[in-house]
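# Residue-level structure breakdown
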Amino acid sequence: MAEHIKVTAAYFSPTGGTRAYVKEIAGAMSAAVEELDLTRPEVRRQKRQFGPDEVLVLGVPVYYGRVPEVPDLLDGLEGKDTPVVLAAVYGNRAIDDALLELSDLCAARGFRTAAAGEFIAPHTFSARIGAGRPDASDKESARELGRRALDKLAQPDWQPAELPGKRPYREFQRAPFYPEGEESCVSCGACVRACPVEAIFASNPKQTDAERCLRCLACVKACPTGSRAVRGMAFEATRQRLEQLLQQPRQPVLYL
Ligand SMILES: Cc1cc2nc3c(=O)[nH]c(=O)nc-3n(C[C@H](O)[C@H](O)[C@H](O)COP(=O)(O)O)c2cc1C
Ligand code: SF4
Ligand code: SF4
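Residue positions are counted from 1 within each chain, in the order its sequence is given. Both sets of labels track the order of writing: A upward for chains, 1 upward for ligands. A pLDDT threshold of at least 70 governs which residues receive local features in this predicted model, and a stricter bar of 80 or more applies before side-chain atom pairs are shown or counted, although totals over entire chains, interfaces and linings include all residues. Calculation of side-chain values draws on the structure's entire complement of heavy atoms; hydrogens and water are dropped beforehand.

The subject of this paragraph is the side chain of Asn92. Within the secondary structure layout, Asn92 lies in the loop between strand S6 (82–90) and helix H3 (98–107). Using a 1.4 Å probe on the protein chains alone, a residue whose accessible area is under 20% of its type maximum counts as buried, one over 50% counts as exposed, and one in between counts as partly exposed. Note on Asn92: relative accessible area 4%, which makes it buried. Pairs of N or O atoms within 3.5 Å make up the polar contacts considered here, provided that, within protein, one atom can donate a hydrogen while the other can accept it, and that residues adjacent in sequence are counted only when both atoms are side-chain atoms. In terms of polar contacts, Asn92 uses its side chain to reach the backbone carbonyl oxygen of Gln248, at 3.1 Å. For the purposes of this entry, the term helix denotes a DSSP run of H or I that reaches at least four residues, the term strand denotes a run of E that reaches at least two, and both are numbered from the N terminus.

Our next topic: the packing of helix H1 (residues 17–27) against helix H4 (residues 136–153). Following both chains from N to C, one finds H1 and H4 inclined at 45 degrees, their axes separated by 7 Å at the closest point. It follows that H1 is oblique to H4 by the angle criterion. H1 and H4 meet at a crossing whose hand is right-handed. Where H1 abuts H4, its residues Tyr21, Glu24, Ile25 and Gly27 lie against Asp138, Lys139, Ala142, Arg143, Leu145 and Gly146. Axes here refer to lines fitted to C-alpha atoms; in helices the fit is confined to the stretch in contact. Angles between the N-to-C directions go from 0 to 180 degrees. Comment on the angle field: the value is read as roughly parallel under 35 degrees, roughly antiparallel over 145, roughly perpendicular from 65 to 115, and oblique elsewhere. Note: crossing handedness is left-handed where the near helix turns anticlockwise from the far helix by less than a right angle, and right-handed where it turns clockwise. Contacts: residue pairs with any heavy atoms within 4.5 Å of one another.

Moving on to the sheet that holds strand S10 (residues 253–255). Sheet architecture is open: six strands sit in the order S2-S1-S4-S6-S7-S10, paired in mixed fashion. A strand with exactly one partner marks an edge of an open sheet, and here the two such strands are strand S2 (33–37) and S10. Averaged over all neighbouring strand pairs, the angle between strand axes comes to 15 degrees, with direction disregarded. Any two strands between which DSSP finds at least two bridges are classified as paired. As paired strands, strand S1 (residues 6–11) and S2 are joined by five bridges and run parallel to one another. Bridge assignment links Tyr11 to a residue of S2, and that residue is Asp37.

Among the nonpolar cores identified, the biggest contains 41 residues, and Leu38, Leu56, Leu58, Leu77, Leu86 and Leu99 are the most heavily contacted of them. For the purposes of this description, domain bounds are those given by an automatic or database domain assignment. Residue contributions to this core reach at least three from each of two domains, namely domain 1 (6–168 + 251–255) and domain 2 (180–231). Once you skip the residues sitting within four places of it in the chain, Leu86 turns out to touch Leu58, Leu99, Leu102, Ser103, Cys106, Thr113, Ala115, Ala116, Gly117 and Leu145. Each nonpolar core is a collection of buried residues, namely Ala, Val, Leu, Ile, Met, Phe, Trp, Tyr and Cys, held together in the definition by side-chain atoms within 4.5 Å.

Turning our eyes to something else, we now look at the layout of surface pockets. Here the idea is plain: a probe the size of a water molecule rolls over the atoms and shows the empty space left. Using a 1 Å grid laid over the protein atoms alone, points where a 1.4 Å probe fits but cannot get out form a cavity; open sets with protein on both sides within 12 Å along at least 5 of 7 lines form a pocket; any residue with an atom within 4 Å of a point counts as lining. Grid points are joined across faces, edges and corners, and a volume is the space filled by probe spheres set on the points. Its boundaries defined by the atoms lining it, the largest pocket holds a volume of some 930 Å³. Lining of the largest pocket is provided by 46 residues; of these, Val62, Tyr63, His123, Thr124 and Phe125 occupy positions nearest its centre. For the lining of the largest pocket, the secondary-structure elements that each account for two or more residues are H1, S6, helix H6 (218–222), strand S9 (228–229) and helix H7 (233–245). Residue contributions to the lining of the largest pocket peak at five residues, all from H7. Taken together, the residues of the lining of the largest pocket sort by class into 26 nonpolar, twelve polar and eight charged. Taken together, domain 1 (6–168 + 251–255) and domain 2 (180–231) each give at least three residues to the lining of the largest pocket, which thus spans both. Under the grouping applied here, Gly and all other residues not named as nonpolar or charged are polar, the nonpolar ones being Ala, Val, Leu, Ile, Met, Phe, Trp, Tyr, Cys and Pro and the charged ones Asp, Glu, Lys and Arg.

Relative to the assigned elements, Leu56 resides in strand S4 (residues 54–61). Expressed as a C-alpha distance, the spacing of Leu56 and Cys223, which sit 167 residues apart in the sequence, is 32 Å. Excluding anything up to four places from it in sequence, Leu56 contacts Thr8, Ala10, Phe50, Leu77, Thr82, Pro83, Val84, Val85 and Phe111.

Turning our attention to the pairing of S1. Counting buried residues in S1 gives five out of six residues, a clear majority hidden from the surface. Both S1 and S4 contribute to a ladder of six bridges, which runs parallel. Bridge pairing in S4 links Thr8 to Leu56. A right-handed crossover is one whose linking path, passing over the helix from the first strand to the second, runs clockwise when the strands point away from the viewer. Taken together, S1, H1 and S2 constitute a β-α-β crossover, and its handedness is right-handed.

Below you can see the structure in the form of structure tokens.
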């Protein structure tokens, strides 16, 4: 496979950590990368076909050791024996079955996993966990993944990467807490636009559809007035428990 191969960088990344890694990996593979932001529902609705001579770099955050529960996540992507390089980005706990699940989802849509990596970014529930990641060394690991994937794809008989994880996947969980808008909300709609799964009512952005909500906190980050927040003891307890448990920084792992 030639070095001027067409590379698409696709990511689901509510708070930007996954995007940073996917861009590094893809950037090491090609100078002209097309971006596909699957965080946006309207982008997920667009159909995009990939041939056998191009590469998809695809990253997701790890939620409870799994791929985030977004039913239409890959609906728009259709490969034709297209190589894919995967990234699972997590908040310094573990990725569990996320890479395996993502690879299975890709296989069902015509993609073959050539290489993959697990990387660390700030935890959604506490900026103190994974603070400053990706750092220079993380970015170099991501670029190494891109370079080594290119080398591998240059071999005509390359074999799919061996990935960690097991089937059936870890059971999915849902946190008891979720963000809502407060009295100070000025109905600007920024959170409605930022929500990746349309869980905020445009007619009343103080409300959240708890069934749909991923707890990704993109809306909290997007709110210009600090009116959207997760309140209550359950969130604080989770945050404190995670901060205590996850003090030791973990390092990237590459799978080829
Ligand atoms: C609902 C939820 C579940 C999470 N579960 C895990 C987990 O199982 N392991 C972990 O290390 N991080 C976990 N995280 C943290 C995210 O994987 C991490 O913050 C990731 O970098 C977010 O990606 P983004 O910045 O692209 O949105 C979870 C975050 C959320 C919101
Ligand atoms: S409402 Fe839920 S899913 Fe939507 S942005 Fe906020 S936390 Fe994420
Ligand atoms: S972003 Fe903040 S101020 Fe704007 S509608 Fe949402 S909660 Fe209200």
